[in-house]
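Coordinate inspection notes
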Amino acid sequence: MTDIDSFAARLHALTDGRASPPRVKDGVMTIALDVGGLGKAQREGVSAAIREGALTVEGVEDVRIVMTAERRAPRIIAVASGKGGVGKSTLSANLAIALQRAGMRVGLVDADIYGPSQAKLMASEGRKPQAREKKMIPVESLHGVPMLSMAHLVEPGKALAWRGPMAGNALGQLVDAEWGDVDVLVVDMPPGTGDIQLSMVQKHKPMGALIVSTPQDLALIDAARAISLFEQAQVPVIGLVENMAGYVCPHCGEASDPFGHGGAEIAAAEMGLPFLGRIPLAIDIRRQSDAGDPPAAGDGPHANAFRAIGEQVAAWIRDRAA
């Protein structure tokens, strides 16, 4: 027979933290199970597995499972950089798709209030979010990832002359939207370490942060500042990604490194952080991104590069959520 403490540990892993600690009285074990976002087959499968395991606990003769539909807030993964122009938004869009292809329910927030680009990258320009009970309902992208961006709320090309508090409030509405069964929210952070970034980290407490940099020294100096921001806020840094790493001429095939090579990998090693991989400086990535068709949604070497990073992030999330 199994003791109740051993079963409680198994129960947490079996339900991904959805079940309450088991309670036993007069031979009946009672468990509350959050089934929000689960389909009928999933609910029945989890319930059957819980019942089977519970009946192996000494003294348990019957099992009562109380199902609730309480929704947990999505786990936030912040994608950040210390400066603009390093491809952070492109990485965010492709990461969201890669995580979705890794089996996660993913949403995407464009937190770059002053320079939103995710609507273009995800081919959702011109769409307007609806609202329910004072909460926005995310826009569905063509790639199956629900998303929100200031680009969905303002006229194209219009400048936002907002001070920090107004921008922070706007970001809060995007993050606190009605995300439904989304369990991971990829947040494309604005560049730098100012008010908006600080408000986001303090109020919404990301589960982890991914840092994007080019190989050059100046970008790495700024990336180190972004890492410092998250460390001070006690947000774990998942690792570094080196973007624009290497260029192969499509005409002659000669390889070159306009921004250097390996700088982010070396910096990650020096800071004791994982290096998650590198994305090349490739014309196809730029063309597909501009067309709203992120490479991670397809196949080929560029898709594989993004997918490899997504798989590492997915494994990190699952390990921390266990």
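So, a few notes on the structure that sits alongside this text. (Residues numbered from 1 in each chain as written. Predicted model: local features only at pLDDT ≥ 70, side-chain atom pairs only at ≥ 80, totals over all residues. Heavy atoms only, no water.)

With that out of the way, let us pick up the nonpolar core. Membership of the largest hydrophobic core comes to 37 residues, with the highest contact counts inside it found for Val109, Leu171, Leu185, Val187, Ile211 and Phe230. Listing elements by their share of this core, those giving two or more residues are strand 4 (75-80), helix 5 (164-175), strand 10 (184-188), helix 6 (195-204), strand 11 (208-213), helix 7 (217-232), strand 12 (237-242) and helix 8 (263-271). Top element by residues in this core is helix 7. It accounts for 5 residues. If sequence neighbours within four positions are ignored, Val109 has contacts with Leu148, Leu171, Leu174, Val175, Trp179, Leu185, Val186, Val187 and Asp188. With 36 residues, the next largest nonpolar core counts Ile77, Leu108, Ala305 and Val313 among its residues. (Core = buried A, V, L, I, M, F, W, Y, C linked by side-chain atoms within 4.5 Å. Buried < 20%, exposed > 50% of the residue type's maximum accessible area, 1.4 Å probe, protein only. Helix = DSSP H or I, 4+ residues; strand = E, 2+ residues; numbered from the N terminus. Contact = heavy atoms within 4.5 Å.)

We now examine helix 8. Within helix 8, burial applies to Gly263, Ala264, Ala267 and Ala268. End-on, the buried residues of helix 8 take up no more than an arc of 135 degrees, which puts them together on one face. In helix 8, the exposed positions angled more than 90 degrees off the buried face are occupied by Ile266, Ala269 and Glu270. Trailing helix 8 by a residue or two, Gly272 shows a phi angle of about 70 degrees, which is positive. (Arc of directions from axis to C-beta.)

This brings us to the environment of His152. Tracing the backbone shows His152 in the loop between strand 9 (146-149) and helix 5. Setting aside its immediate chain neighbours within four residues, His152 contacts Ala119, Ser124, Arg127, Lys128, Pro129, Val139 and Met147. Within the structure, His152 has its side chain in polar contact with the side chain of Ser124 (distance 2.9 Å). (Polar contact = N/O pair within 3.5 Å; in protein donor to acceptor, adjacent residues only side chain to side chain.)

The N-to-C vectors of helix 1 (residues 4-14) and helix 2 (residues 40-54) enclose an angle of 170 degrees; their axes lie 11 Å apart at closest approach. By the angle between their axes, helix 1 is roughly antiparallel relative to helix 2. Only Ala49, Ile50, Gly53 and Ala54 of helix 2 make contact with helix 1, whose side of the interface consists of Phe7, Arg10, Leu11 and Leu14. For the contact of helix 1 with helix 2, the class distribution of residues is 6 nonpolar, 1 polar and 1 charged. (Axes fitted to C-alpha atoms, helices over the stretch in contact; angles between N-to-C directions. Parallel < 35°, antiparallel > 145°, perpendicular 65-115°, else oblique. Nonpolar A, V, L, I, M, F, W, Y, C, P; charged D, E, K, R; others polar.)

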